[in-house]
Amino acid sequence: MDLEPWAAYGLELQDLGPKGRGLVAGKDFRCGEVLFREKGFRAKSPEHLALEVLASAEARAQVSHLHTGPLCHLEGHAGTLPHGVSEEEWFDAYSKVRFNSFELNGCCFLPIMALFNHSCAPNAAITQLPPHEECHTAMVVVAEQGIARGTEIVYSYNSDCLFVPLRERRKRLLSNWGFLCKCSRCQVEEEAGLEDDEEEPPEMPQLLSWEEVDLKNVNLFQARHEVLHHPGIPFSERKQIFSAQLAAAVQLAP
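Let us look at the structure shown here. As the structure is a prediction and not an experimental result, all values here were calculated from the model.

Moving on: the overall build of the chain. A count of helical and extended segments in the chain gives nine helices and 10 strands. A fraction of 66% describes how many contacts in the chain between residues 6 or more apart in sequence connect residues 24 or more apart. Working note: accessible area of the chain is about 13400 Å², and carbon and sulfur atoms make up 50% of it.

Further remarks concern the state of the cysteines. Applying the stated criterion to the full structure yields one disulfide. Bridging C108 to C135, the disulfide has an S-S length of 1.2 Å. On the sign convention where negative means left-handed, the S-S torsion of about 50° between C108 and C135 marks this disulfide as right-handed. Taken together, the positions of C108 in strand 6 (residues 107-109) and C135 in the loop between strand 8 (124-128) and strand 9 (136-141) put the pair 27 residues apart, joining distant regions of the chain. No disulfide involves C120; its sulfur sits 3.8 Å from that of C186, the nearest cysteine.

The next subject is the nonpolar core. Ranked by size, the top nonpolar core spans 21 residues in total, and within it L11, L35, F116 and I153 carry the most contacts. Only strand 2 (21-25), strand 3 (34-39) and strand 9 provide two or more residues apiece to this core. In this structure I153 touches L11, L23, V24, A25, L35, F116, N117, N123, A124 and I147, once residues within four positions along its chain are discounted.

It is worth spelling out the pattern of salt bridges at this point. The final tally for this structure, using the stated rule, is nine salt bridges. For E33, the salt bridge goes to R30, with nearest N and O atoms at 3.9 Å. With a closest N to O distance of 3.3 Å, E190 and R170 form a salt bridge. Of the two residues, E190 is situated in helix 5 (residues 184-191) and R170 in helix 4 (residues 166-177); the sequence distance between them amounts to 20 residues. When its relative accessible area of 22% is taken as the criterion, E190 is described as partly exposed. What makes R170 buried here is its relative accessible area of 1%. Bridged by salt links that share partners, the residues R169, R185 and E189 form one connected network.

Interhelical geometry of helix 3 (residues 87-99) versus helix 9 (residues 235-252) gives an angle of 40° and a closest axis separation of 12 Å. As summarised for this structure, helix 3 and helix 9 are arranged oblique, according to the angle between their axes. Seen along the crossing, helix 3 lies across helix 9 with a hand that is left-handed. Every residue of helix 9 that contacts helix 3 at E87, E88 and F91 is listed here: F235, R238 and K239. Residue composition of the contact of helix 3 with helix 9, grouped by class: two nonpolar, no polar and four charged.

This part takes up the packing of helix 1 (residues 46-55) against helix 3. The description of two helices packed together rests on the angle between their axes and the distance between the axes. With their axes 9 Å apart at the nearest point, helix 1 and helix 3 run at an angle of 120° to one another. As summarised for this structure, helix 1 and helix 3 are arranged oblique, according to the angle between their axes. Viewed along their axes, helix 1 and helix 3 form a crossing whose handedness is right-handed. From helix 1, P46, E47, L49, A50, L51, V53 and L54 reach across to helix 3, where they touch E89, W90, A93, Y94, V97 and R98. Split into classes, the residues belonging to the contact of helix 1 with helix 3 amount to 10 nonpolar, no polar and three charged.

Position of V227 among the secondary structure elements: in helix 8 (residues 218-228). Beyond its immediate stretch of four places on either side in the chain, V227 contacts M204, L207, I233 and I241.

Right, let's talk about helix 9 for a bit. Because each turn of an α-helix spans 3.6 residues, side chains separated by three or four positions end up pointing in the same direction. With 18 residues, helix 9 extends 25 Å between its outermost C-alpha atoms, agreeing within 8% with the 26 Å of an ideal straight helix rising 1.5 Å per residue. What helix 9 keeps buried is the set F235, R238, I241, F242, A244, Q245, A247, A248, A249 and L252.

Inspection of helix 1 places P46, L49, A50, V53 and L54 among the buried residues, and these make up the whole buried set. Down the axis of helix 1, the buried side of the element spans an arc of 140°, and every buried residue falls inside it. Here the buried face of helix 1 lies against strand 4 (41-43), helix 2 (57-63), helix 3 and strand 6.

Attention now moves to the sheet that holds strand 8. Sheet architecture is open: three strands sit in the order 3-9-8, paired in antiparallel fashion. Two strands lie at the open edges of the sheet, namely strand 3 and strand 8, each paired on one side alone. Across the sheet, the axes of successive neighbouring strands diverge by a mean angle of 20°, strand direction being ignored. Bridging between strand 3 and strand 9 involves five bridges; their strand directions are antiparallel. For F36, the partnering residue across the bridge sits in strand 9 and is M139.

The rules behind these values
Residues numbered from 1 in each chain as written. Predicted model: local features only at pLDDT ≥ 70, side-chain atom pairs only at ≥ 80, totals over all residues. Heavy atoms only, no water. Helix = DSSP H or I, 4+ residues; strand = E, 2+ residues; numbered from the N terminus. Contact = heavy atoms within 4.5 Å. Areas by Shrake-Rupley, 256 points an atom, 1.4 Å probe, with all protein chains shown as cover. Disulfide = S-S within 2.5 Å. Core = buried A, V, L, I, M, F, W, Y, C linked by side-chain atoms within 4.5 Å. Buried < 20%, exposed > 50% of the residue type's maximum accessible area, 1.4 Å probe, protein only. Salt bridge = Lys/Arg side-chain N within 4 Å of Asp/Glu carboxyl O. Axes fitted to C-alpha atoms, helices over the stretch in contact; angles between N-to-C directions. Parallel < 35°, antiparallel > 145°, perpendicular 65-115°, else oblique. Left-handed = near helix turned anticlockwise from the far one by under 90°. Nonpolar A, V, L, I, M, F, W, Y, C, P; charged D, E, K, R; others polar. Expected span 1.5 Å × (residues − 1). Arc of directions from axis to C-beta. Pairing = 2+ DSSP bridges.

Following this line, the structure appears as C-alpha cells:
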C-alpha cells in the first residue's frame, strides 16, 4: 500500500481537536531540515485554477480534503457557470482554490501544504524552490532547537502578522483566512489582557446585520465563520452571511 505524501517525509496527519487536522512530526527534525516538498498547480488566477479542478475528477478528489474559505464564495464568477456545474459546486471549488493559494508568478495552489496550520509562533517556514517559474516549494524547519517528534508543524500564513500587536494580528488573519487565532502566542497575550473579553454568542439577526458596529466586531466575524460551515444552514441563508463577511472584511482589513 502506497504511503501518503506526507508520511514519506516522516510526518503524521492527526486530528488536533477544535483546530481540526494538522501535520505532526513523526520523528525529530533539525533546524534547516526540509520537512516536505510539493509541486503545486499554477494559473493566472484562482478562477482558472478552479475551472481546472472542476474539469478533472482526479483534481476534485485531490482537493476534497481542503477547507472552504468563507470570504471567497461570492467572488470570482460573474458570468455563466461552466456547463453541468451547479452554483454550490462552483463556490466550493473556487473557495478551496482561493483560500489555499498564494501569488507565485501567478496563482499557485498547494493542496498538501494546505494541511499545515498557522501559528504566530512558527517553527517552520515555506520557501520557493527553483525553477522559479513553477509552483515548487518546500517547508523548512526554522525553530532553532529543531522540532521534536510529536510536535505539530506550524508556519505563519503571513509573516507581516508576526510583527504587529495581538488585536491587529487577529484582524488580519480573520479578514484573510476566516479564523480567530488561538495559537500559543495569541493565548499568552490574550491572558495578559491584550485582547477584549469574548462576547456572548450572537443570534442569527446579528450574523446577518450590516450595521457598522457589527461589521467591525471581531468575535461576531468568527461566529459567522463557524455558522457558515454548519450543515443545517440553508444555502440561501449562507449566501447572506457570506455577504456580511465580505463587508466585514473591508472593515477589518488593515
